[in-house]
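Structural description and commentary
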Amino acid sequence: MIFYYGDKMNNFNEWFHNILEEAEIIDSRYPIKGMSVWLPRGFQIRKHMLNTLEELLDVDHEEVLFPMLIPESELAKEAIHVKGFEDEAYWVTKGGKRELNEQLALRPTSETSMYPMFSLWVRSHMDLPIKVYQTVNTFRYETKHTRPLIRVREITTFNETHTVHATVQEAVEEVEAGIEIYKTFFDELGIPYSISKRPEWDKFPGSLYTMAFDMIMPDGKTLQIGTVHNLGTTFAKTFDIQYENDEGEHELAHQTCYGLSDRVIAAVIAAHGDEKGLCLPPVIAPEQVIIVPIIFKEKEDMVLEFTDKLEEQLSSAGIRVKQDKRDIRPGKKYYEWEQRGVPLRIEVGPRDIENNKIVLIRRDNGNKDFVDYDSTTIIDTINDTLDSITDNLKTNANKFQDNKTFIVDNLDQVKKTINKKGGIVKFNWCGNTDCGKQMEEEFDIDVLGTQEADIEDKKCIHCGEDAHFMALVSKTY
Ligand code: 5CA
Ligand code: ZN
């Protein structure tokens, strides 16, 4: 029986939920709202996702691990920051039956856990820069509708980078570096994005400014998939992170932080999945290649001898490969591995071996290729095919994002476009908070942020004042 996933475009929620279940990624029946269980297949995907990310971060950052509990006195130190998170914090108030002297927050993010320690670590400019990251679980008592991977109360895969610098300039450069790392990372996964500077009223609590990555989901709403913040000296003041410069004077340090979450996995699923189920980019696929031997009784030994050798060969070349020798119909195997999103399937039957051929079937476009089996070139052929799958997934996903991004020049079109087509709408904007908040109310949309553009002598399409930016607006998750 063919499983019906639902309509990805018109009923994304149903489709997404079905994928998570059928592809055995997570089980969301855990008896706490907003918390789920990673299943073995999902955990593999998560692991490869993190390896890809951490490899990029490791070039210029070091991994650390801070405690999960934060004393209330530290969390409350930075006034704006605590205001942003006070409604979302979970509290530990007891040890056994005893009330604690001071209640402890489960980290909603780790500024207030890390920065008191940074204050101890930074003495002179010799101690700078600090560039560290950790991958941890964080807790946020979200009040908006929770959804698996997308809006959770235990973020199980929170990768956060925190840096400390001597100068404004270095912090600005680190923000750019962070953006580049995330671009490379999302590109490797074929996740499309639009980058904008969040408006004043939606920046990270305590930051100077926030740069955000947004992906347009199949239903036309956008999902914030990553953020890079310039913290300025706000936290350095609060947590007393100062260094002695060459003249022996004390100066405040400049900081940045940036982070990603489980949402990355949601984004991959949403970007590439289809009516057959999950479709994974090779870089995070638990199996990049699945070999299905076509076995007939009398030729079984011959086929298996060949496929065992092939499996061994691919595996030695560093390709994640698995062979499915189960005694069930090949059709059922094809169906299952397609559902699970394995990028490439190799079928080999007795006739193929006699003709010295193998059959490659791509998950992304269904193309079937009969290729000559040559032991000296087969690895290149397969690696090239995997690369081509990555490219194709990325191209198609980017096309979707581009086709759903509209530039308009009057207010009427903003409303019409968002309601009819969804996606991101861009237009000339003044950048003023009052104007922006009014628009959000009037049109029931969110201002994602601004992009710099050549806007001379143009007026804000909402209030008529001079325009300074392109605004990006959308409905959001
Ligand atoms: N300390 C900073 C940088 S790590 C910080 O916490 N930034 S954040 O609040 O913007 O979170 C980083 C990213 O986590 C967001 O861009 C978003 O993609 C993701 N995220 C935030 N809240 C949730 C949530 N409840 N569920 C899943 N992902 C979330
Ligand atoms: Zn305006």
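A short tour of the structure in this document, coming up. (Residues numbered from 1 in each chain as written. Chains lettered and ligands numbered in written order. Predicted model: local features only at pLDDT ≥ 70, side-chain atom pairs only at ≥ 80, totals over all residues. Heavy atoms only, no water.)

Observations regarding the packing of aromatic side chains
As a reminder, the rule being used: Each Phe, Tyr or Trp ring, with Trp reduced to its six-membered ring, pairs with another whose centre is within 6.5 Å; inter-plane angles below 30 degrees give stacked pairs, above 60 give edge-to-face pairs, and intermediate values give tilted ones. Helix and strand definitions follow DSSP, with helices as H or I runs of at least four residues and strands as E runs of at least two, each counted in order from the N terminus. The buried label applies to any residue whose accessible area, calculated with a 1.4 Å probe on protein chains only, is under 20% of its type's maximum; exposed applies above 50%, and partly exposed to all values in between.
Inspection of the entire model under this criterion finds 23 aromatic pairs. Aromatic pair Phe12 and Phe16: ring centres 5.3 Å apart, planes at 25°, arrangement stacked. You can see Phe12 and its partner Phe16 sitting in helix 1 (residues 12-22), four residues apart, about one turn around the helix. Classification of Phe16 as buried rests on a relative accessible area of 5%. Ring geometry for Tyr115 versus Phe235: centroids 5.5 Å apart, planes at 80°, classification edge-to-face. Taken together, the positions of Tyr115 in helix 5 (residues 111-121) and Phe235 in helix 7 (residues 234-239) put the pair 120 residues apart, joining distant regions of the chain. On the basis of relative accessibility, which here comes to 0%, the residue Tyr115 falls in the buried class.

Regarding helix 2 (residues 40-58)
To keep it simple, the criterion reads: By this rule, a helix spans an expected 1.5 Å times one less than how many residues it contains.
Here helix 2 contains 19 residues, and its C-alpha end-to-end distance of 26 Å stays within 8% of the 27 Å for a straight helix at 1.5 Å per residue. Taken together, the buried positions of helix 2 are Arg41, Gly42, Ile45, Arg46, His48, Met49, Leu50, Thr52, Leu53, Glu54 and Leu57.

Some details on the sheet that holds strand 4 (residues 69-71)
Sheets are built from strands that pair by backbone hydrogen bonding, the pairs being arranged parallel or antiparallel. Our working definition: Here the rule is simple: two strands pair whenever DSSP picks up at least two bridges between them. Axis lines are fitted through C-alpha atoms, for helices just across the contact stretch, and the angle between N-to-C directions can take any value from 0 to 180 degrees.
The three strands are arranged 4-6-5 in an open sheet whose pairing can be described as antiparallel. Two strands bound the open sheet, and with one partner strand each, they are strand 4 and strand 5 (90-95). Taken over all neighbouring pairs, the strand axes of this sheet differ in orientation by 45° on average, direction set aside. Pairing of strand 5 with strand 6 (residues 98-106), which is carried by five bridges, proceeds in the antiparallel orientation. In the strand pairing of strand 6, Val92 is matched with Leu104.

Some words on a negative patch on the surface
Filter applied, for reference: Residues form patches when they are more than 30% accessible in relative terms and have no salt bridge. Like charges link within 9 Å. Nonpolar side chains (Val, Leu, Ile, Met, Phe, Trp, Tyr) link within 5 Å. Accessible areas in this description were obtained via Shrake-Rupley with a 1.4 Å probe; residue shielding takes into account the shown protein chains only. One speaks of a salt bridge when a side-chain nitrogen belonging to Lys or Arg is within 4 Å of a carboxyl oxygen belonging to Asp or Glu. Positive charge is attributed to Lys and Arg, negative charge to Asp and Glu, and no charge count is given to His or to the chain ends. The location of each charge is read from NZ of Lys, CZ of Arg, CG of Asp or CD of Glu.
Judged by side-chain charge, Asp246, Glu247, Glu249 and Glu251 come together as a negatively charged surface patch. Mapped onto the fold, Glu249 is located in the loop between strand 12 (242-244) and strand 13 (250-252). Among the residues examined, Glu249 registers a relative accessible area of 46% and is labelled partly exposed.

Some thoughts on helix 9 (residues 300-316)
If you check helix 9, its first and last C-alpha atoms are 24 Å apart, about what 17 residues at 1.5 Å a residue would give, namely 24 Å. Those residues of helix 9 not exposed but buried are Val303, Leu304, Phe306, Thr307, Leu310, Gln313 and Leu314. Positioned one or two residues after helix 9, Gly318 has a phi angle of 85°, which is positive.

Observations concerning the side chain of Arg41
The following threshold applies: What qualifies as a polar contact is a pair of N or O atoms within 3.5 Å, subject to a donor-acceptor requirement within protein and to the restriction that residues adjacent in sequence count only when both atoms come from side chains. Should any heavy atoms of two residues lie within 4.5 Å, those residues are counted as being in contact.
As for its placement among the helices and strands, Arg41 is situated in helix 2. Polar contacts involving the side chain of Arg41 include one to the side chain of Glu287, which spans 2.7 Å. Leaving out residues up to four positions away in the same chain, Arg41 has contacts with Ala23, Glu24, Pro286, Glu287, Trp337 and Arg340.

Some details on the pairing of strand 7 (residues 130-139)
Buried residues dominate strand 7, accounting for nine of its ten residues. Summarising the sheet, strand 3 (residues 62-63) and strand 7 pair through two bridges and their orientation is parallel. Residue pairing for strand 7: Glu63 is matched across the bridge by Tyr133. Here strand 7 runs beside strand 8 (residues 154-165); their pairing, made up of nine bridges, is antiparallel. Residue pairing across strands places Thr138 opposite Ile155, the latter belonging to strand 8.

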